[in-house]
Structures are given as structure tokens and as C-alpha cells.
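Each chain, written out:
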Amino acid sequence: MTETVIRHLRQFEALLTVHNSESKSALAPLWIASTVSPTIADFTLLPRLKELQTYIMSEMDFDVMLIFPQLNNLVDRFYGMPQITCYYSGDGDTCAAFN
């Protein structure tokens, strides 16, 4: 299982690398769906990656996310957004909308 998880995360990070290198603006890294703002894809996948950041799988004796800096950066960017911070604080009804 360890090899499978690492292989999939490596492929996912490689895909992000390609999308971001093809981005017209290096100042605005893209999200999972190659968009300039988060989509449902980010809201679906990034919580799973966040779990991997905070949870060491029983089959692994290390934090698998440490070897994927781009995936960590993506998760950190997502959870660092004021709207996401507000939503997860429990004040979701009063949070500002995404632009």
C-alpha cells in the first residue's frame, strides 16, 4: 500500500508541476482544475491531502507528505485562504464569498 500511495501522490504532483509550468502567470499558481481560484475539485481532494499531512498511515513509519512539497504548498495555500479559515472556524454563514 505504501508504494501505491507514493506512486499516486508522485503522479499528482507531476501533473500540478506541468499545469503550473504552462500557466500564463507564474505569480498565480493554478489550482487542481488549472483554474485561478479553487473549484469543487480542490474542496474534494485537498481535505484528503490535509489528512495525509496530519496522519501517518499505519503501514508507513514516516509522514508521506514530506516528500511532496508542491502538494503541501497547495494544501497550505487552500487552508490559508481567509474564506476557508472562516468556514472551518464554524462561521461559514458569515464568510466572504470567493471572487
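Before any of the text, the structure's been laid out above.
Residues numbered from 1 in each chain as written. Predicted model: local features only at pLDDT ≥ 70, side-chain atom pairs only at ≥ 80, totals over all residues. Heavy atoms only, no water.

Asks: Explain the nonpolar core to me, please; I cannot follow it from the model alone.
Replies: Among soluble globular proteins, nonpolar side chains are generally buried collectively. In this structure, L9, L46, L49, V64, M65 and L71 are the most contacted members of the largest nonpolar core, which totals 20 residues. Only α1 (2-21), α2 (40-54) and α3 (69-80) provide two or more residues apiece to this core. With sequence-adjacent residues up to four places away left out, M65 is seen in contact with L9, L49, L52, Q53, L71 and N72. (Core = buried A, V, L, I, M, F, W, Y, C linked by side-chain atoms within 4.5 Å. Buried < 20%, exposed > 50% of the residue type's maximum accessible area, 1.4 Å probe, protein only. Helix = DSSP H or I, 4+ residues; strand = E, 2+ residues; numbered from the N terminus. Contact = heavy atoms within 4.5 Å.)

Asks: Just checking my understanding: could you explain the packing of aromatic side chains for this structure?
Replies: Each aromatic ring pair is characterised by the separation of its centres together with the angle its planes make. Applying the stated criterion across every chain, the model contains 5 aromatic pairs. Ring geometry for W31 and F78: centres 6.2 Å apart, planes at 75°, overall edge-to-face. Residue W31 is found in the loop between α1 and α2, and its partner F78 is found in helix α3; the two are separated by 47 residues along the sequence. Looking at W31, the relative accessible area reads 5%, which means it is buried. Look at F78 and you get buried, because its relative accessible area is 0%. With centroids separated by 5.2 Å and ring planes inclined at 85°, the aromatic side chains of Y87 and Y88 adopt a geometry described as edge-to-face. Here the aromatic residues W31, F43, F78, Y79, Y87 and Y88 are joined through ring pairs into a cluster of three or more. When the ring centre of Y79 is taken as origin, the NZ or CZ atom of K50, which lies over that ring, is 5.1 Å away. A cation over an aromatic ring shows up here: R77 above the ring of W31, its NZ or CZ 4.1 Å from the ring centre. (Phe/Tyr/Trp six-rings, centres within 6.5 Å; stacked < 30°, edge-to-face > 60°. Lys NZ or Arg CZ within 6 Å of the ring centre and 35° of its normal.)

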